[in-house]
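Each chain, letter by letter, is given below.
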Amino acid sequence: MKRLLKGGRLVDPAAGIDGDFDVLIDGDRIARVDRDLPATLADDGGVVSIPRGLVVCPGFIDMHVHLREPGQEHKETVATGTSAAVAGGFTAVACMPNTSPVNDNAGVTELILRKAAEAALARVYPIGAVSRGQQGEQLADIAELRAAGCVAVTDDGHPVATALLARRALEYTSMFDMPMIEHCEDLSLKGDGCAHEGPRAAELGLRGIPGTAESIMAARDILLAEMTGGRLHVAHMSAWTTLEAVRQGKQRGVKVTCEVAPHHFTLTDDWLASPVPYDTNTKMNPPLREARDRDAMLAGIADGSVDAIATDHAPHHYDEKHVEFDRAPFGIVGLETAIPLTLDRLVHSGLIRLPRLVELMSVNPARILHVPGGTLAAGAPADITILAPDLAVTIDRARFRSRSKNTPFHGWSLRGGVAATIVGGRVVFANREVPALALEEATSSSPARA
Amino acid sequence: MDAVQTPKQPLTALRRKDLLSIADLSAEEILLILDTAEAMKEVGQRAIKKVPTLRGRTVVNLFFEPSTRTRTSFEIAEKRLSADTLNVAIGTSSVVKGETLVDTAMNIEAMAPSMIVLRHSSSGACHLLSRICRAGIINAGDGMHEHPTQALLDAYTIRERKGRVSGLKVAIFGDLLHSRVLRSNLLLLTKLGAEVWVCGPATLIPPGLDRLGVHVTTSVDDAVRDADVVMMLRIQLERMEGGFFPSLREYFTTFGMTEARVSRAKPDVIIMHPGPMNRGVEIASEVADGPFSVILDQVANGVAVRMAVLYLLAGGVDHEATA
């Protein structure tokens, strides 16, 4: 089947394209990209006209997602999580290993991939554990994890406890050119903290987690990456001091990259006090920090220091969040709010332009994880995110496809949304609220992608 | 001045369902509570210490943390106002069976109490209950957040002794990081115009405290100098175990309130402590039992202040129900 996406603006920074280009899809691959491709190239009925104002991009990849399966299916499953992903405009997600059991062996990796193939929505790239059981003692069987399909390793949720183990992990993964993704947090400084240590936590009587708890471990790991030549990726960066450490590492040529979550460039710890005091949907780890940190994240996104935007999608059941603040689990869902937040807060605010957004959400995640995508050049997989940058969006958690609804953004009116998501040439999401969109979601009986 | 000013109606009730924090209260509301407490104190001096104000209303004292002083004080206040009261303590409740705070509260709520007095170890627990209960919620101490009736009785005691709060130098000593009494007092005293100094070891000072409009120091001498009021906070033994300071002995020699230190304050200084005291840790016995101490006055005034809060919020409950 040959389909032609005609009209619309194509933004493909990896190919140096930003303009009115048509895209010819042949099966699950991109066949041609050019101006004014003739309709005769497509099969009968295969011409899709893209309304003016929409933007065709290489598929967005969320490199930090908790799909919770196996073991915590009351929060999320691979099927519900990937459904949320495609509704949120993501063609691929990388899922964290802190499942139950932990993804520290090929069996769990294969289970996740089988569930993903059954769901046939977003591509799923499992991330394996650094250490067996995420216990921080002995390396997991990383070569076996890689052979089974893992694209990176992390002990996310827990930091790699000792400098020695982090050193070994960076050395070992360097054999496979895989990144070690670090959840940077010095547990002795964190203590039993549950909010950013600062004036707001002092006022609310919440135990603090200082920004330094994050940056001290980022600095340790950057030094270890420099020493070993391993590749380090700093997950969900939140503190201005961490960004400084990453910048210095990059200047010295260390192989370090970093990501920021939408809530950390949108919110500050003021949201713990109002509009809903002690709202457990403002509790995440790392915590919402103060304005200086939030502004530093925005500056890093604008100046290129930040490599990726990743949601840290962390679904939790209503019952788990409907408790006292200090007893609630950390985390919020992010897949279905990320694109409205990034378009509204980063693009429409004038901070960055669309090509930079595509770098942050498609090009760089593909590059960091060494996975296909990040471009719509001929031969690339036909993984496409079509944005509706001017769509008026009101976040409604009741309409989330995620099994969990834990978001602080319910009711927010934002400018910018998703028009459609195409994975392997197959339309897996089409937004009915976008006028004149001539795409229909493929039914489950459609031919599965290769 | 040619503008015609509408005469302002004096405040006669708290137009709110709950007392969650001092942060929520205006100076006017605080003064209303203190003025009402004066009338309530008179009730406590009668031979028959009971008025029918809250007759037919049920007040539940829901205490998830041990408390002697505060729970007793609330219960006496409730009984003097003729409320039907009952105490739910953690040991005898369903909590030991794994019930959540929300479910416990909803079950009590289903029995239609007028008010719930809550003490809980989590900051913000009262806010959570206020969102799900029709009953008024009175915060009797939530985690490290606030203990508003303690601050109100402290202010009442200061005003009773000094005639005012505004312009006084109030110096507060101790664990500034974990103390809910401190937070409520800082907010209340600054709202009423006091000059507030806080002093403790650097390990027990939360970052950003200086941004709350108070003087922060680690020097006891600077804090106590010419103070009108010296307020001590309890030092908990587990703070030493948590490594915040080396030993109780060193704490006492460095920060303990001794007669020598008190002598640098104003000659008519008053010494306060919310209890329970650790004699020989944060305060010397000679100071606690000395001529400047008003520690037992605080306890006595606690009943009157809590009667005032219950009475004024009950008006608020009526207000809500008939609105």
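These numbers were taken from a predicted model, which means no experiment stands behind them.

Asker: I keep staring at the overall build of chain A and nothing clicks. Help me out?
Answerer: A tally of helices and strands in chain A yields 13 helices and 20 strands. A globule of 450 residues ought to have a C-alpha radius of gyration of about 22 Å, and chain A, at 21 Å, matches this closely. Each of the three principal axes of chain A carries a C-alpha extent, and together these read 65 × 50 × 45 Å. Here chain A holds 450 residues, and the buried ones make up 62% of them. Here the contacts in chain A between residues at least 6 apart in sequence split such that 74% fall between residues at least 24 apart. Accessible surface, chain A as shown: approximately 15800 Å² in total, 50% of it carbon and sulfur.

Asker: For this particular structure, what's the right way to read the side chain of A:R356?
Answerer: Residues and elements named next belong to chain A. Within the secondary structure layout, R356 lies in helix α13 (residues 354-369). Judged by its relative accessible area of 13%, R356 is buried. Other than its neighbours up to four places away in sequence, R356 contacts G300, I301, G304, S305, V306 and N364.

Asker: Got a minute to help me understand the sheet that holds strand β16 (residues 256-260) of chain A in this structure?
Answerer: Backbone hydrogen bonds hold the strands of a sheet together, and the pairing may be parallel or antiparallel. Residue and element names in this part refer to chain A. The parallel open sheet is built from five strands, whose spatial order is β11-β12-β15-β16-β17. Because the sheet does not close on itself, it has two edges, and the strands there are β11 (153-154) and β17 (308-309). As defined by bridge partners, strand β15 (residues 231-234) adjoins β16 across three bridges and the pair is classed as parallel. Looking across to β16, one finds that H233 is bridged to T257. With respect to the sheet, helix α7 (residues 211-228) is in contact with β12 (179-182), β15 and β16, its orientation differing from that of β12 by roughly 165 degrees.

Asker: Hey, could you run me through the sheet that holds strand β2 (residues 84-89) of chain B in this one?
Answerer: Residue and element names in this part refer to chain B. On the basis of which strands lie adjacent, the open sheet formed by four strands has the order β2-β1-β3-β4 and parallel pairing. In this open sheet, the two edge strands, each paired with only one partner strand, are β2 and β4 (136-142). Pairs of neighbouring strands in the sheet enclose a mean axial angle of 15 degrees, with direction left out of account. In this sheet, strand β3 (residues 115-120) lies alongside strand β1 (residues 58-63) in parallel orientation, the contact comprising five bridges. By the bridge assignment for β3, V59 is matched with M115. The sheet contacts of helix α2 (residues 69-80) involve β1, β2, β3 and β4, and relative to β1 the element is tilted by about 180 degrees. Each of β1, β3 and β4 touches helix α4 (residues 125-132); the most contacted strand, β4, lies at about 170 degrees to it.

Asker: What should I look at first to understand the nonpolar core in this one?
Answerer: Buried together is how nonpolar side chains tend to be arranged in soluble globular proteins. Grouped together as the largest cluster of nonpolar side chains are 72 residues, with contacts concentrated most on A:M180, A:M237 and A:M361. Element by element, the count of residues in this core is highest for α13(A), at six residues. If we ignore the near neighbours within four places in the chain, the residues touching A:M180 are A:V130, A:V153, A:V160, A:A166, A:A169, A:L170, A:D221, A:R231, A:L232 and A:H233. One finds B:L19, B:L188, B:L192 and B:I205 within the second-largest nonpolar core, a separate group that totals 62 residues.

Asker: What am I meant to see in the packing of aromatic side chains here?
Answerer: The relative placement of two aromatic rings is captured by the distance of their centres and the angle of their planes. All names here are of chain A. In total, this model carries six aromatic pairs over all chains according to the counting rule given. Pairing Y172 with F176 gives two aromatic rings, centres 5.7 Å apart and planes at 75 degrees, and the pair type is edge-to-face. When the centroid spacing of 4.8 Å and the interplanar angle of 85 degrees are considered together, the rings of F409 and W412 count as edge-to-face. Residue F409 is classed as buried on the basis of its relative accessible area of 2%. Given the relative accessible area of 13%, W412 is considered buried.

Asker: When you look at the confidence of the model for chain B in this model, what are you seeing that I'm missing?
Answerer: Any segment with low pLDDT has predicted coordinates that should not be analysed in fine detail. Residues and elements named next belong to chain B. The share of residues in chain B with pLDDT of 70 or more is 92%, and the mean pLDDT across the chain is 91. Every residue in residues 316-323 scores below 50 in pLDDT, and together they form six contacts with partners more than four places removed in sequence or on other chains. The complex prediction reports pTM at 0.93, with the ipTM value standing at 0.90.

Asker: Hey, could you run me through the interface of chain B and chain A in this one?
Answerer: Many descriptions give the size of an interface as the accessible area lost when the pieces come together. Between chain B and chain A, the residue contacts involve 21 residues of the former and 19 residues of the latter. Roughly 1600 Å² is buried in total at the junction of chain B and chain A, and carbon and sulfur atoms are behind 58% of that figure. If you look at where chain B meets chain A, you find one salt bridge. A:E290 serves as the salt-bridge partner of B:R211, at 3.9 Å between the closest nitrogen and oxygen. Across the chain B-chain A interface, the total number found is eight residue pairs in polar contact (both at pLDDT 80 or more). Only α3 (101-110) and α4 of chain B provide two or more residues apiece to the side of chain B that touches chain A. The biggest single contributor to the side of chain B that touches chain A is α4(B), with five residues. Classifying every residue of the side of chain B that touches chain A by side-chain character gives eight nonpolar, nine polar and four charged.

Asker: Quick question: what am I supposed to make of the environment of B:D297 here?
Answerer: Residues and elements named next belong to chain B. Tracing the chain through its elements places D297 in helix α12 (residues 295-322). Distance in space between the C-alpha atoms of D297 and K266 is 20 Å, their sequence separation being 31 residues. Excluding its chain neighbours within four sequence positions, the residues that come into contact with D297 are T157 and R161.

Asker: Help me understand the pairing of β1(B), please; the structure alone is not making it clear to me.
Answerer: Two faces belong to every sheet, and in a regular strand the side chains alternate between them. Residue and element names in this part refer to chain B. Most of β1 sits out of view: five of its six residues are buried. With six bridges joining them, β1 and β2 adopt parallel strand pairing. Across the sheet, residue V60 finds its bridge partner in β2, namely L86. Handedness of the crossover is the feature at issue here: the chain leaves β1, passes through α2, returns alongside β2, and the resulting connection is right-handed.

Asker: Where do I start with α13(A) in this structure?
Answerer: Owing to its 3.6 residues per turn, the α-helix aligns residues three or four sequence positions apart on the same side. Residues and elements named next belong to chain A. Here α13 contains 16 residues, and its C-alpha end-to-end distance of 22 Å stays within 8% of the 22 Å for a straight helix at 1.5 Å per residue. For α13, the principal kink sits at L360 and spans about 40 degrees. Extensive coverage of α13 is indicated by the burial of 14 of its 16 residues. H370 lies just past α13 and shows a positive phi near 55 degrees.

Asker: What exactly am I supposed to notice about the side chain of B:S82 here?
Answerer: Residues and elements named next belong to chain B. Within the element layout of this structure, S82 appears in the loop between α2 and β2. At 2.5 Å, the side chain of S82 forms a polar contact with the backbone oxygen of V51. Once residues lying within four places of it in the same chain are set aside, the contact partners of S82 are K50, V51, P52, L54, R55 and G56.

Asker: Before we go on, may I ask you to explain the packing of helix α12 (residues 338-347) of chain A against α13(A) in this structure?
Answerer: Between two packed helices, the angle of one axis relative to the other and the distance separating the axes together describe the packing. All names here are of chain A. Where α12 contacts α13, the axes come no closer than 11 Å and their chain directions differ by 140 degrees. Here α13 runs oblique to α12, going by the angle between their axes. For the element pair α12 and α13, the recorded crossing hand is right-handed. Residue-level inspection shows A338, I339, T342, L343 and V347 of α12 in contact with α13, the latter providing L354, L357 and M361. Tallied by class, residues from the contact of α12 with α13 come to seven nonpolar, one polar and no charged.

Criteria and cut-off values
- Residues numbered from 1 in each chain as written.
- Chains lettered and ligands numbered in written order.
- Predicted model: local features only at pLDDT ≥ 70, side-chain atom pairs only at ≥ 80, totals over all residues.
- Heavy atoms only, no water.
- Helix = DSSP H or I, 4+ residues; strand = E, 2+ residues; numbered from the N terminus.
- Rg over C-alpha atoms; globule rule 2.2 N^0.38 Å.
- Buried < 20%, exposed > 50% of the residue type's maximum accessible area, 1.4 Å probe, protein only.
- Contact = heavy atoms within 4.5 Å.
- Areas by Shrake-Rupley, 256 points an atom, 1.4 Å probe, with all protein chains shown as cover.
- Pairing = 2+ DSSP bridges.
- Axes fitted to C-alpha atoms, helices over the stretch in contact; angles between N-to-C directions.
- Core = buried A, V, L, I, M, F, W, Y, C linked by side-chain atoms within 4.5 Å.
- Phe/Tyr/Trp six-rings, centres within 6.5 Å; stacked < 30°, edge-to-face > 60°.
- pLDDT = per-residue confidence, 0-100.
- Buried area = accessible area lost by both parts, 1.4 Å probe.
- Salt bridge = Lys/Arg side-chain N within 4 Å of Asp/Glu carboxyl O.
- Polar contact = N/O pair within 3.5 Å; in protein donor to acceptor, adjacent residues only side chain to side chain.
- Nonpolar A, V, L, I, M, F, W, Y, C, P; charged D, E, K, R; others polar.
- Right-handed = clockwise from strand over helix to strand, strands pointing away.
- Expected span 1.5 Å × (residues − 1).
- Bend = angle between axes of the 7 residues up to and from the residue.
- Parallel < 35°, antiparallel > 145°, perpendicular 65-115°, else oblique.
- Left-handed = near helix turned anticlockwise from the far one by under 90°.

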